[in-house]
Amino acid sequence: AKRLSARQSPPPDRETTLRTPKLYVGSLHRRITDAHLQKLFQKYGDVSRVFRCTYNAKTGKPENYGFVHFTRVEDARLAMKGLDGVELLGRKLIVKPAHDERG
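Quick caveat: nothing in here was measured; it's all calculated off a predicted structure. (Residues numbered from 1 in each chain as written. Predicted model: local features only at pLDDT ≥ 70, side-chain atom pairs only at ≥ 80, totals over all residues. Heavy atoms only, no water.)

Peer 1: Which residues make up the sheet that holds strand 3 (residues 62–70), and what values do they have?
Peer 2: Backbone-to-backbone hydrogen bonds pair the strands of a sheet. The strands run either parallel or antiparallel. The antiparallel open sheet is built from 4 strands, whose spatial order is 2-3-1-6. Of all strands in the sheet, those bounded by a partner on one side alone are strand 2 (47–55) and strand 6 (94–97). Going across the sheet, the axis of each strand differs from the next one's by a mean of 20 degrees, ignoring polarity. Here 5 bridges tie strand 1 (residues 22–26) to strand 3, and the two strands are oriented antiparallel to one another. Along strand 3, the bridge assignment pairs Leu23 with Val68. Across the face of the sheet, helix 2 (residues 34–41) comes into contact with strand 1, strand 2, strand 3 and strand 6 while running at roughly 145 degrees to strand 2. Sheet contacts for helix 3 (residues 73–83): strand 1, strand 3 and strand 6; angle to strand 6, the most-contacted strand, approximately 150 degrees. (Pairing = 2+ DSSP bridges. Helix = DSSP H or I, 4+ residues; strand = E, 2+ residues; numbered from the N terminus. Axes fitted to C-alpha atoms, helices over the stretch in contact; angles between N-to-C directions. Contact = heavy atoms within 4.5 Å.)

Peer 1: Describe the environment of Glu87, listing the residues and the values that go with them.
Peer 2: Here Glu87 is to be found in strand 4 (residues 87–88). Residue Glu87 is classed as exposed on the basis of its relative accessible area, which comes to 54%. Separated by 60 residues in sequence, Glu87 and Ser27 have C-alpha atoms that sit 9.7 Å apart. (Buried < 20%, exposed > 50% of the residue type's maximum accessible area, 1.4 Å probe, protein only.)

Peer 1: Describe helix 3, with residues and values.
Peer 2: Note: α-helices contain 3.6 residues per turn, so residues at a spacing of three or four share the same orientation. Three or more residues of helix 3 are buried, namely Asp75, Ala76, Ala79, Met80 and Leu83. Down the axis of helix 3, the buried set is contained in an arc of 135 degrees. They therefore lie on one face. With its phi angle positive at about 90 degrees, Gly85 sits one or two positions after the end of helix 3. (Arc of directions from axis to C-beta.)

Structure (structure tokens):
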């Protein structure tokens, strides 16, 4: 196990550092649609947009991720806490803050 020195602090918890209402959702089964994501995430608050990446334009291969935008950061935080690691169609979801265009 890795030990922290007195000057180091543990990495920040994603849940407490979430500053965006936009979430990345990874490890999606290919049968999951925008409508499925909308229904799953709206339990946590007002979802303003859902975008499921279906194919990589360069390779033509299916992608397994999407994005869910909430109107409130607090709702996104609840959804991330409630759905990260949850199994959906045999795959464990990865739910984390989405990066904006600036990274």
